[in-house]
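The primary structure of each chain is shown beneath.
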Amino acid sequence: MKASEIKLQKILEGTQQYVVPLFQRPYSWERQQWDNLWDDLIELTEQEIIRPHFMGSIVTMQTNSVPEGVSKYLLIDGQQRLTTILILLAVIRDRAKQNKETNKLAEQINNTILINPYEDGLEQYKLQPTQADRPDFHQIIDGDSPNSEKSLINGCYRFFEKKIRHKEIELTSLKKAILTGLSLVSITLASDENPHLVFESLNAKGKPLSQADLIRNYFFMKIHVDQQEEIYAQYWKPMQNNLADGLTECIRHYLMKDGLDVKQNEVYLNLKDKVNPKNALESLEDLTKFADYYQKLIEPHQETNKSISNCLMRLKRLEVTTVYPFLLNCYDDWMKEKISIDNFVEVLNIIENFIIRRFVCNVPTGSLNKIFPSLYSQINRETDKKFMEGLKYVLTGKKYSYPTDDKFKASLKEVELYGTRFKVEKGKLILESIEQSFNHKEKVSFDNLTIEHIMPQMPKGLSEDWKKSLGEDWEITHELLLHTLGNLTLTGYNSELSNCHFSKKKEILLDSKLKLNEYFQDKKNWQKQDIEDRTEYLADFCLKIWPYFGDASQKGTVRDTVRGTKPKAVSVLNKTYSVKSWREVLETTMNIIVDLVDEDKFQELVEEFPRFVNWNDKKPNTKKLKNGASIGGNLYADDIYSFCLKAIERVGLSSEDWQVEI
C-alpha cells in the first residue's frame, strides 16, 4: 500500500479512467454534502494565496488493461467526492460555453479533465460510476442537460448550476480552486491486495477513514517505536474510547482555540503544521488535556461542579458547538485557577445570553465560527479591561450584531419557537427559563414536560369551534401566531389537551403547578389579541433573564408596527428593489424566493402559509408570481411583514438579508 498527499489536479489530468467496483454503493451525496463543498470552494476563491484544502482520502488500485487501452484504476474509496467534483466541473464547462470569452475554458475542462478526448466508447470517460448511475452521469459529461428524473446525479448538477448562476462567480477562479486548492491523501494498493477486503476495512459499519485515523498515524510516526505502545495506552486510547466519532471534531476545536480557522476537512493538514518529531509527545499530552475538557463540554454531566455542569447543559441544548474553541481556553484558565468558579459561570451565562438574543433576532449563525476561535486572544489583545468586562466589550462590538433590548423584544413577538427540532429545544429552554424565574421554593422538574400550543396545531384543519373563536381572520392568526411565544406553554398533559377548545384546555392547565399557566386564570377566550398580549407579558421576563450587557446609550428604537406606513424599497441579499406598497413588498420578496429555492422548498411555504401564497388564482385580489403561484389579497401591512420574516427564515436567509426601507 502506497500513500501520498496529492492535489486533485494530479488525479484528474492525463489519459486514465477510474472505475467504481461492483461492491460499491451508488452515488449517495445529497444537499448537505454539496453545500459543504460549495462553501469550502467559495472560501478558497476568496483567498489571495490558496492554501490546500484537505477533502479526505482516495483509495485506488491499478487494473490490467489491454496495451492500447487507457490506464484503469479501481476506485475503492472516494467515489462520492470524485463524482461530485466531476459533475461540478461539467457545470462550469456548460456555463463557460455560453460566453465566447470563456469558450476556451470550456474546451480545456472538457478535454483535460472530464474526458479522454482521443479514446472511443466508454474509455473516453474519466470516471465510470456504478451501473445504476452511468446513464445520468454520461449524459452530463456528454454536455447534454440532465434529464427530468429526480436522481441524485441530476440533483447534484442542478444544485451547482443554480449556485453558480446566483453567485455570478468567476469561472476560472472556481476551476482553479477545485484543481489546485483541493488535496487528498491518495492511497494506491498493490496488485496482490484484496480490494474488497480493503474497502470493508475502510468502511467498517459504513464509516470511512477519518482524519483522526490519519492524525493518530502521523503522531506515532513521530514517536520512537519503543515508546509507542505505552504512549498509545496512556494518551491516545482513552481519547479514542471517550470521544469515538467525535475525536476529529475535538481536535479541530483544539486547533481553533489558538485563533485558527480550521475547516472540517483541514484538521489533518493543520495538525501537521503544528507537530514535529521534537514536540510530538508534548503536543499529544496537551491535546489529551484539552480533550478531557472537550468531553465535559459535550457531556456536561461529567463535570462535577454542579453550577458549571448546569450552564454547560444549557449551552449544549442551544447546539452552538462553535463556542467550544473559546470555552476550551476558559476551562483551562479555571483549571489553572486564573479565573474563579463564579467567573467561569459568568462567562457561560454571557455566552448563553449572546446566543439566545441572536437566535431570537434571526442573526446569521454562520458568522459564529469566525467570532469564537479568535475571541479569547482578541479580549487580551484589544482591551485593557478585566476578562469579564473585556468579553462583554468585544461581543457588543458592531460587527457581532448583539441585539439591543428593543430589537430583542420586537423579535420575541415574531420568532417561532416550534416547528423543527432545532427550534423546539430552544423554545423549551426559553419557557423553562421563564418558569424558573418565578423562584419556586421547590425545584420544578422539566424532564416530562413538553411544549403545548394553546391555539392547537391541528394539521388536518382547525375545528369549527376554534375558527369561530378566532374570528374572521382565523387563517392569518393561525398561520402567523401558531408557534410564537404567546401561544406556547409547558405541560405534562399534552395528549389530554390535544385539540381541545380553550375552555377545556384552561381547566387542565390551571390544575398545573406551573406559574406559567396561572396566566390563563382570567382569560375567557383565546384570540389574536390574547396571544399578542401574552407574548408582551412573557417578553418582559426574557429581558430580565437575558439582560442587555452592552452600552445602554447604543440602544436604538424598533418600530412596534408597520401598519399605516408606506414602504419605499425592499433589500434582499444586498440588492435593492423599489416598491410603492406593502403588497409590492410581498410580491417582490416572494419572486426572489422563487429564484432562490427549489420547487419542494417553495411548496413547503405554500402548505404552511396558504393564506399568503397558494396555487389558487381564482381567489379575489390575488396576484401571480413568476412561477405561477399566487399571493393572497386583502392583507394588512403587519401581517405581510410578519409573513415575509417567516418566509425568508424558512429559505435560510437571516434578518440581515431582508430589510424594508420605510
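Residues numbered from 1 in each chain as written. Predicted model: local features only at pLDDT ≥ 70, side-chain atom pairs only at ≥ 80, totals over all residues. Heavy atoms only, no water.

J.: I'd like a description of the sheet that holds strand 12 (residues 623-624), backed by residues and values.
T.: Taken in spatial order, the three strands of this open sheet run 11-13-12, and their pairing is antiparallel. Looking at strand neighbours, the two that pair on one side only are strand 11 (613-614) and strand 12, the edges of this open sheet. As defined by bridge partners, strand 11 adjoins strand 13 (residues 630-631) across two bridges and the pair is classed as antiparallel. Residue Val 613 lies in a different strand from strand 13, and its bridge partner there is Ile 631. (Pairing = 2+ DSSP bridges. Helix = DSSP H or I, 4+ residues; strand = E, 2+ residues; numbered from the N terminus.)

J.: Explain the pattern of salt bridges residue by residue, including any values.
T.: Evaluation of the coordinates by the stated rule reveals 46 salt bridges. A salt bridge links Lys 392 to Glu 346, with the shortest nitrogen-to-oxygen separation between them at 3.7 Å. Linking Lys 392 in helix 18 (residues 387-395) with Glu 346 in helix 16 (residues 341-360), this pair joins segments that are 46 residues apart in sequence. One salt bridge in this structure joins Glu 649 and Lys 423, with 3.1 Å as the shortest N-O distance. Of this pair, Glu 649 sits in helix 28 (residues 637-650) while Lys 423 sits in helix 20 (residues 421-436), and the two are 226 residues apart along the sequence. Under the relative-accessibility criterion, Lys 423 is labelled buried at 8%. (Salt bridge = Lys/Arg side-chain N within 4 Å of Asp/Glu carboxyl O. Buried < 20%, exposed > 50% of the residue type's maximum accessible area, 1.4 Å probe, protein only.)

J.: Pulling in residues and values, what's your account of the pairing of strand 14 (residues 658-661)?
T.: The alternating pattern of strand 14 places Trp 658 and Val 660 on a buried face, while none of Gln 659 and Glu 661, on the opposite face, is buried. As judged from the four bridges shared by strand 9 (residues 569-572) and strand 14, these two strands associate in the antiparallel manner. Within strand 14, the residue paired with Val 570 across the bridge is Val 660.

J.: So what's going on with the sheet that holds strand 14? Residues and values would help.
T.: Ordered by their spatial adjacency, three strands build an open sheet running 10-9-14, and the pairing between neighbours is antiparallel. Here the strands that pair on one side only, and so sit at the sheet edges, are strand 10 (575-578) and strand 14. Taken over all neighbouring pairs, the strand axes of this sheet differ in orientation by 20° on average, direction set aside. The strands touched by helix 26 (residues 582-596) within the sheet are strand 9, strand 10 and strand 14, with strand 14 carrying the most contacts at an inclination of about 155°. (Axes fitted to C-alpha atoms, helices over the stretch in contact; angles between N-to-C directions. Contact = heavy atoms within 4.5 Å.)

J.: Requested: an account of helix 20, with residues and values cited.
T.: Here helix 20 spans 22 Å end to end across 16 residues, near enough to the 22 Å set by a 1.5 Å rise per residue. All buried positions along helix 20 are accounted for by Lys 423, Lys 426, Gly 427, Lys 428, Leu 429, Ile 430, Leu 431, Glu 432, Ser 433, Ile 434 and Glu 435. Elements in contact with the buried residues of helix 20: helix 14 (306-318), helix 16, strand 7 (450-453), strand 8 (488-491), helix 25 (528-545) and helix 28. (Expected span 1.5 Å × (residues − 1).)

J.: I'd love a proper account of the packing of helix 20 against helix 25, names of residues and values included.
T.: Two numbers describe how helix 20 lies on helix 25: the axes approach to 10 Å, and their chain directions differ by 85°. Considered as vectors, helix 20 and helix 25 are oriented roughly perpendicular to each other. Facing helix 20, whose interface residues are Ile 430, Ser 433 and Ile 434, helix 25 presents Leu 538, Phe 541, Cys 542 and Ile 545. A breakdown of the residues in the contact of helix 20 with helix 25 according to their chemical character gives six nonpolar, one polar and no charged. (Parallel < 35°, antiparallel > 145°, perpendicular 65-115°, else oblique. Nonpolar A, V, L, I, M, F, W, Y, C, P; charged D, E, K, R; others polar.)

J.: Provide a residue-level description of the environment of Thr 322, including the pertinent values.
T.: Positionally, Thr 322 belongs in the loop between helix 14 and helix 15 (324-335). Taking C-alpha positions, Thr 322 is 5.3 Å from Asn 369, a pair spaced 47 residues apart along the chain.

J.: Account for the pairing of strand 6 (residues 182-188), with residues named and values stated.
T.: Counting buried positions along strand 6 yields six of seven residues, so the element is predominantly enclosed. As defined by bridge partners, strand 3 (residues 53-62) adjoins strand 6 across six bridges and the pair is classed as parallel. Paired with His 53 across the bridge in strand 6 is Leu 182.

J.: If you had to explain the side chain of Thr 484 to someone new, which residues and values would you point to?
T.: With respect to the helices and strands, Thr 484 occurs in the loop between helix 22 (474-481) and strand 8. By relative accessible area, Thr 484 is classed as buried at 1%. Here Leu 481 takes part through its backbone oxygen, which lies 2.7 Å from a polar atom of the side chain of Thr 484. (Polar contact = N/O pair within 3.5 Å; in protein donor to acceptor, adjacent residues only side chain to side chain.)

J.: Explain unusual backbone geometry to me, and be specific about the residues and the numbers.
T.: Despite not being glycine, Glu 337 shows a phi value in the positive range, around 65°. Relative to the helices and strands, Glu 337 is located in the loop between helix 15 and helix 16. In this structure, Leu 573 is a non-glycine residue whose phi angle is positive, near 50°. Along the chain, Leu 573 turns up in the loop between strand 9 and strand 10.

J.: Residue-level account of the environment of Leu 260, with values.
T.: Mapped onto the elements of the fold, Leu 260 is located in the loop between helix 11 (247-256) and helix 12 (267-274). Distance from Leu 260 to Ala 539, taken between C-alpha atoms, is 38 Å for residues 279 residues apart in sequence.

J.: Please provide a residue-by-residue account of the packing of aromatic side chains, values included.
T.: Going through the model one piece at a time under the given rule, you end up with 33 aromatic pairs. Judged by centre distance (5.2 Å) and plane angle (80°), the rings of Phe 290 and Tyr 293 are edge-to-face. Taken together, the positions of Phe 290 and Tyr 293, both in helix 13 (residues 280-298) and three residues apart, correspond to about one turn of that helix. Classification of Tyr 293 as buried rests on a relative accessible area of 5%. Ring geometry for Tyr 402 against Tyr 548: centres 5.3 Å apart, planes inclined by 15°, an arrangement best described as stacked. Here Tyr 402, found in the loop between helix 18 and helix 19 (405-412), pairs with Tyr 548, found in the loop between helix 25 and strand 9; they are 146 residues apart in sequence, far enough to count as distant. An identical accessibility class is assigned to Tyr 402 and Tyr 548; each is buried. Counting every residue linked through ring pairs, the aromatic cluster contains Phe 326, Phe 354, Phe 372, Tyr 376, Phe 387, Tyr 402, Tyr 548 and Phe 549. (Phe/Tyr/Trp six-rings, centres within 6.5 Å; stacked < 30°, edge-to-face > 60°.)

J.: Go over the state of the cysteines with me, naming the residues and quoting the values.
T.: Taken as a whole, this structure holds zero disulfides when the rule is applied. The closest cysteine sulfur to the non-disulfide-bonded Cys 250 is located on Cys 330, 16 Å from its own sulfur. Cys 361 takes part in no disulfide bond, and the closest cysteine sulfur, belonging to Cys 542, lies 11 Å away. Judged by its relative accessible area of 2%, Cys 361 is buried. (Disulfide = S-S within 2.5 Å.)

J.: So what's going on with the environment of Leu 481? Residues and values would help.
T.: Here Leu 481 shows up in helix 22. Taking the C-alpha atoms as reference points, Leu 481 and Glu 414, separated by 67 residues in sequence, lie 7.9 Å from one another. The residues touching Leu 481, leaving out its near neighbours within four places in the chain, are Met 455, Ile 476, Asn 487, Lys 528, Ile 531 and Glu 532.

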